[in-house]
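Summary of structural features
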Amino acid sequence: MKEYIIQFSPIRSGSTLVYNLLSNTVGLPVHKHHHFTDTDPKAFYIVTIRHPYNSIVSSILRYSEASITDEVLEEHVIEYLNHGGSVISKDNFPPRDSELLFYETFVGNFKLIYQAIEKASGYPISSDKRKELDKQFNIKRVKEACKHLKKTGPEAQHWHAWSVSKNLGETAYKNFLDSGQINKLKENKQLSEIINRYYKK
C-alpha cells in the first residue's frame, strides 16, 4: 500500500476535478502537482492528460475570448510546457505505480476516474458514493459554483473562477486557431512528442 497519491498533470487537463474526486474518496493524503522532479516509491501517481492544443487554447480562453494572436499563443505554449507539458512528453511514471487518464474520455465518464482511484487506494467506491459524487461534481454545477469565486477558491479544493469555461470542457482548438497557428504548434517538438506518444496509437 502506498503512503499517498500524487495527482499530476499539465494545466487545463481536468486535474482539479480528479483531485477533488480523490480527496472525497481515498483515505490517503492527496497532492496536486503541475511540476515534477522525480518519482517517489511511496506514492501512487494518477496522471491526467488532454490533447495539448486543446489544453493551450483552454488556458488562453480563461483570460480572454478575443481572437488569439500569435504572441498570446506562444506565451501559453511556454506556460503549458513549463506546467506539466514537458514532463508528460517523456515516459516518467512507473507503470505499476501510476494510472493515466485521458480528459477526452473521463470528463463525461467518471467511472474511469473511480476505477483509477480504486487501483490507487485498494478500496472500492460504493455505488451510493459514486452517485453522490456524480451529482456534486457535475460540470454545470461546478461552473455555477465557480462563478461566485473572485479568483481562487479554497486551497483545499483548488477551484477557481476559470476552472470551467463557457464551453463546458469541450474546447476544440480548430474552432479558435487559424491554419498558420496550427502549423506553428505542429512545429513544436515537445508538443509533437506528446501527441505521438499519447494520441497516435
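Residues numbered from 1 in each chain as written. Predicted model: local features only at pLDDT ≥ 70, side-chain atom pairs only at ≥ 80, totals over all residues. Heavy atoms only, no water.

Quick look at the pattern of salt bridges now. Inspection of every chain in the model, using the stated rule, returns six salt bridges. Residue D97 pairs with K2 through a salt bridge whose shortest N-O separation is 3.3 Å. In this pair, D97 sits in the loop between α3 (70-88) and β4 (98-102) while K2 sits in the segment before β1 (4-8), placing the two residues 95 residues apart along the sequence. On the accessibility criterion, D97 (23% relative accessible area) is partly exposed. (Salt bridge = Lys/Arg side-chain N within 4 Å of Asp/Glu carboxyl O. Helix = DSSP H or I, 4+ residues; strand = E, 2+ residues; numbered from the N terminus. Buried < 20%, exposed > 50% of the residue type's maximum accessible area, 1.4 Å probe, protein only.)

Looking now at the packing of helix α5 (residues 110-121) against helix α6 (residues 127-136). Across the interface, α5 lies against α6 with an axial gap of 11 Å and an inter-helix angle of 125°. The orientation of α5 with respect to α6, classified from their angle, is oblique. Crossing of α5 over α6 shows right-handed handedness. On α6, the residues touching F110, K111, Y114 and E118 of α5 are R130, L133 and D134. Split by residue class, the contact of α5 with α6 holds three nonpolar, no polar and four charged. (Axes fitted to C-alpha atoms, helices over the stretch in contact; angles between N-to-C directions. Parallel < 35°, antiparallel > 145°, perpendicular 65-115°, else oblique. Left-handed = near helix turned anticlockwise from the far one by under 90°. Contact = heavy atoms within 4.5 Å. Nonpolar A, V, L, I, M, F, W, Y, C, P; charged D, E, K, R; others polar.)

Our next topic: the confidence of the model for the protein chain. Detailed reading of the predicted coordinates is not advisable wherever pLDDT falls low. For the protein chain, the mean per-residue pLDDT works out to 84, and 83% of the residues sit at or above 70. Considering each helix and strand of the protein chain separately, the mean pLDDT is smallest for helix α7 (residues 139-146), with a value of 61, and largest for helix α8 (residues 179-186), with 97. Taken together, the stretch residues 159-163 has pLDDT below 50 and engages in 26 contacts with residues farther than four places along the chain or on a different chain. (pLDDT = per-residue confidence, 0-100.)

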